[in-house]
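Given next are the chains, with one letter for each unit.
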Amino acid sequence: MSEQRKFMPNARLDDLLAQLTRAGFQLIGPQLQEGAIVYRPMTSVAELPLGVRDSQAPGRYRAARGEEGGRWFAWANGPQALKPLTFAPREPMWRAVAAEGRLHFAAVLPEMPPTAVIGVRACDLAALAIQDRHFADEPAYQARRRQLLLVAVNCSHPAATCFCASTGDGPAASSGYDLLLDELDEGFVVAAGSEAGAGILALLNLTDADPTQLEEAAALLGRAAAVQQRTLPAGDLAATLFARLDHLRWDEVAQRCLACANCTQVCPTCFCHSHQEVPALDGSHSEHYREWDSCFSEGHSYIHGFKVRPDIRTRYRQWLTHKLGGWQRQFGRSGCVGCGRCITWCPAGIDITEEARAICAGEP
Amino acid sequence: MEAFPLESNPALPHEAEIIERIEETPTIFTLRLRFTDPALHQRYSFMPGQFNMLYLPGVGEIPISIVSDPEDEHLYDHTIRMVGRVTRPFAQLKAGDHIGVRGPFGRGWPVAQALGQDVVIATGGLGCAPVVAMINYVLRRREQFGRLTIIQGVRHSADLIWRERYEAWSQLPNTQVLLAAGQAGPDWRWHTGHITACLEDATITPESVVMMCGPEPMMVAVAKDMLLRGVSEERLWLSMERNMQCGFGKCGHCQVGPRFVCKDGPVFSYHEVKDLLGKAGF
Ligand code: SF4
Ligand code: SF4
Ligand code: FES
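Residues numbered from 1 in each chain as written. Chains lettered and ligands numbered in written order. Predicted model: local features only at pLDDT ≥ 70, side-chain atom pairs only at ≥ 80, totals over all residues. Heavy atoms only, no water.

Asks: Any chance you could break down the overall build of chain B for me, citing the residues and the numbers?
Replies: For chain B, the count of helices and strands is 8 helices and 15 strands. Taking 282 residues into account, the globule formula puts the C-alpha radius of gyration at 19 Å, and chain B, at 18 Å, falls close to it. The principal-axis extent of the C-alpha atoms belonging to chain B is close to 50 × 45 × 40 Å. Split by element, the accessible area of chain B, about 10700 Å² in all, is 51% carbon and sulfur. Charged side chains in chain B number 27 positive and 32 negative. The centres of these two groups are separated by 4 Å. (Helix = DSSP H or I, 4+ residues; strand = E, 2+ residues; numbered from the N terminus. Rg over C-alpha atoms; globule rule 2.2 N^0.38 Å. Areas by Shrake-Rupley, 256 points an atom, 1.4 Å probe, with all protein chains shown as cover. Lys, Arg positive; Asp, Glu negative; His and termini not counted. Charge placed at Lys NZ, Arg CZ, Asp CG, Glu CD.)

Quick look at the structure:
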């Protein structure tokens, strides 16, 4: 889709939402709720976090309404965006019904209406592309995924914890969106990334963006990349990390890590989940659920009365070596898209970039 | 022969009937199963070393290796050791009961590589179903394989199940059986000590294909011995065990470094996994 990029004045954002609604999509978008930007069902522009600014640091998150006016998307990602929409935190997979000594199985597929997500960021699109591959043969995931239409926004205000420029996944969204917005003072530069997106865009009947507007959008993106301070160490992290499994830093970080699993819960690429059997009280049927799990949990590596990873040291090492190392072989890329969530939402303020650097440095 | 996955939704079990329950020892039993849907039963095929997820309502699922022969189309055997909360209710099952089954999952033993070759099968610990499937496979097609060496180490001689089978196998031509028990009872005519004690008596050619199953330190010890005898890393194979919940590379529990035991294994070549094999935490 390399069609002409359009300009949408601020006043027309409402029209975009209206067109999506008219096309049969429920809207999910960013909203300020209980001090954090979360993605929730919405119906009008008024619910978007206009003028909200955030501030993030290791173990610290604040989001609040700033000055009057301001922009709609002048903040970096909150705790969660796309992952719960496609890979539900907990859902039934199938049901087993017992009757007259026989067993009947039926798959339970989620019923999700066509859903347009407003304000998706580049890091989450990159993470979604990974999860699309992981769950390619998974009916429930695909049933949800098919319903999504993604309206992305290029990041103009990364948080201090963001490092998508270093992983190559942002701040500009390069693929995976249906529509892409660049927010300027007076409005948005809009581009389509799919047939569906192009269809909506055509309905809006916008004028072409002018060269000044395109330059301004490019400059914002350039700045958003340049202000990022954190980076992952360069080179073949899989080889380096797996060569340093006895590094003393693992012991050191284990002293600080609480094994709370916040990092894996907020990480947009983590896919671990556990199965759970939930029998009906009268024994007539059972529901088989799956629920997000984490390599930090007690039971994750449990087998026959034995835990492969009995301590925080081996669990933190699993998280980091999988995320930055093992993923390379499984998916042909790192499992980290640089969203910085695990840094912000870690109660101990552990910084994945700092740990990776410490482990890669010095003697194996 | 390619294994045939059951249906398009690999997470969904299918009803199977227990045709027979065989008590192997007080804690080990075999369930012979048949899918109740005849078409499905026909279509189903597997290779030795692959596993199924067996499901009991209200209890959950367990990964169990298929021990019967791929050509025994009438029944699928699963030998189960009672080890905890989930396996115990399976022990209560009897002929005529119904359970759920999905599979087969994973990569089995390197049958094609082993054809025409000497085969060494080494196991440690309690009844190791994945290799039993392979022993049966070789014995059933005896002329297609070279010399067969069966090596097994157990902690106590009383732990050895199917002892009469080992006795019978040891009488077969071109077949060597070597057993070692850490502690031996009165009627033990085999080695006493670690599994490596009986390796000394083994005649192993560098062209052998070696298949192992059991505790990882034991497999590492046997692999090192075989490497010294000139068997290459690509001819050493081992079946691994990890927490498995999905069986097809989704849930993440079975990962060993970059590998999914359920999907990339459970049978791996030594070459593939040697870096992390026996490394605490993986
Ligand atoms: S590892 Fe951390 S920074 Fe990387 S994608 Fe996951 S949550 Fe984001
Ligand atoms: S093993 Fe840990 S880091 Fe890897 S996907 Fe699972 S929870 Fe995430
Ligand atoms: S058992 Fe779920 S990924 Fe291997």
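Asks: Before we move on, could you go through the packing of aromatic side chains and cite the residues and values that matter?
Replies: Residues and elements named next belong to chain A. Under the defined criterion, the tally for this structure stands at 27 aromatic pairs over all chains. When the centroid spacing of 6.3 Å and the interplanar angle of 50 degrees are considered together, the rings of Phe296 and Trp319 count as tilted. With Phe296 in the loop between strand E14 (285–292) and strand E15 (302–303) and Trp319 in helix H11 (residues 312–331), the pair connects residues that are 23 residues apart, well separated along the chain. As far as the burial class goes, Phe296 and Trp319 line up, both buried. Aromatic rings pair up to connect Trp72, Phe73, Trp75 and Phe188 into one cluster. Seen from the ring of Trp292, Lys83 lies directly overhead, with NZ or CZ sitting 4.5 Å from the centre. Positioned over the ring face of Trp75 is Arg121, at 4.2 Å from the centre of the ring. (Phe/Tyr/Trp six-rings, centres within 6.5 Å; stacked < 30°, edge-to-face > 60°. Buried < 20%, exposed > 50% of the residue type's maximum accessible area, 1.4 Å probe, protein only. Lys NZ or Arg CZ within 6 Å of the ring centre and 35° of its normal.)

Asks: Describe the nonpolar core, with residues and values.
Replies: Met8, Leu16, Leu20 and Val117 of chain A together with Ile151, Met212 and Met226 of chain B are the most contacted members of the largest nonpolar core, which totals 114 residues. The element that contributes the greatest number of residues to this core is helix H3 (residues 122–134) of chain A, accounting for 7 residues. Residue contacts for Leu16 of chain A: discarding those within four places in its chain leaves Met8, Val151, Leu179, Leu181, Ile200 and Leu204 of chain A. Residues Tyr137, Ile150, Val154 and Leu160 of chain B belong to the second largest nonpolar core, which totals 33 residues. (Core = buried A, V, L, I, M, F, W, Y, C linked by side-chain atoms within 4.5 Å. Contact = heavy atoms within 4.5 Å.)

Asks: Please set out the site of ligand 1 residue by residue, giving values where relevant.
Replies: All names here are of chain A. Around ligand 1 there are 13 residues in total, and Cys267, Cys336, Cys339, Gly340 and Cys342 lie nearest to it. Secondary-structure elements contributing two or more residues to the shell around ligand 1 are H11 and helix H12 (341–344). Considering only residue class, the shell around ligand 1 consists of 9 nonpolar, 2 polar and 2 charged. (Near = heavy atom within 4 Å. Nonpolar A, V, L, I, M, F, W, Y, C, P; charged D, E, K, R; others polar.)

Asks: Residues and numbers for the site of ligand 2, please.
Replies: Surveying the vicinity of ligand 2 reveals the residues Thr264, Cys270, Phe271, Cys272, Ser294, Cys295, Gln318, Trp319, His322 and Trp327 of chain A together with Gln255 of chain B. Ligand 2 sits at the junction of chains A and B, each of which supplies nearby residues. Here the shell around ligand 2 takes 4 residues from H11 of chain A, the largest share from any one element. Each residue belonging to the shell around ligand 2 can be placed in one class, and the counts come to 6 nonpolar, 5 polar and no charged.

Asks: Would you mind going over the pairing of strand E7 (residues 102–107) of chain A in detail, with residue names and values included?
Replies: In summary, the side chains of a regular strand alternate between the two faces of the sheet. Residues and elements named next belong to chain A. Where strand E6 (residues 90–99) and E7 come together, 6 bridges link them in antiparallel fashion. When the bridges of E7 are listed, Trp94 appears paired with Ala107. Once E6 ends, the chain turns through 2 residues before running back antiparallel as E7, passing Glu100 with a positive phi of about 50 degrees. (Pairing = 2+ DSSP bridges.)

Asks: If you had to explain the interface of chain B and chain A to someone new, which residues and values would you point to?
Replies: Each partner contributes to the interface: chain B provides 42 residues, whereas chain A provides 43 residues. Regarding the contact of chain B and chain A, the summed buried area is about 3400 Å², with carbon and sulfur atoms giving 57% of it. Together, Lys250, His253 and Phe282 of chain B form the three largest contributors to the area buried by chain B at its contact with chain A, with a combined 18%. Applying the counting rule to chain B against chain A returns 3 salt bridges. (Buried area = accessible area lost by both parts, 1.4 Å probe. Salt bridge = Lys/Arg side-chain N within 4 Å of Asp/Glu carboxyl O.)

Asks: With reference to specific residues and values, describe the packing of H3 of chain A against H11 of chain A.
Replies: Residue and element names in this part refer to chain A. H11 packs onto H3 with a crossing angle of 55 degrees between their chain directions and a minimal axis gap of 12 Å. Here H3 lies oblique to H11, going by the angle between them. Judged by the twist between their axes, the crossing of H3 over H11 is left-handed. In this structure, H3 contributes Ile130, Arg133 and His134 to the contact, and H11 contributes Trp327, Gln330 and Phe331. Here the contact of H3 with H11 is composed, by residue class, of 3 nonpolar, 2 polar and 1 charged. (Axes fitted to C-alpha atoms, helices over the stretch in contact; angles between N-to-C directions. Parallel < 35°, antiparallel > 145°, perpendicular 65-115°, else oblique. Left-handed = near helix turned anticlockwise from the far one by under 90°.)

Asks: I'd like a rundown of the pairing of strand E11 (residues 187–192) of chain A, residues and numbers included.
Replies: Residues and elements named next belong to chain A. The buried count for E11 comes to 6 of 6 residues, which makes it a mostly enclosed element. One ladder, built from 4 bridges, connects strand E1 (residues 6–9) with E11; its direction is antiparallel. Looking across to E11, one finds that Phe7 is bridged to Val189. When strand E10 (residues 179–183) meets E11, the two strands line up antiparallel, connected through 5 bridges. Opposite Leu181, over in E11, you have Val190 as the bridge partner.

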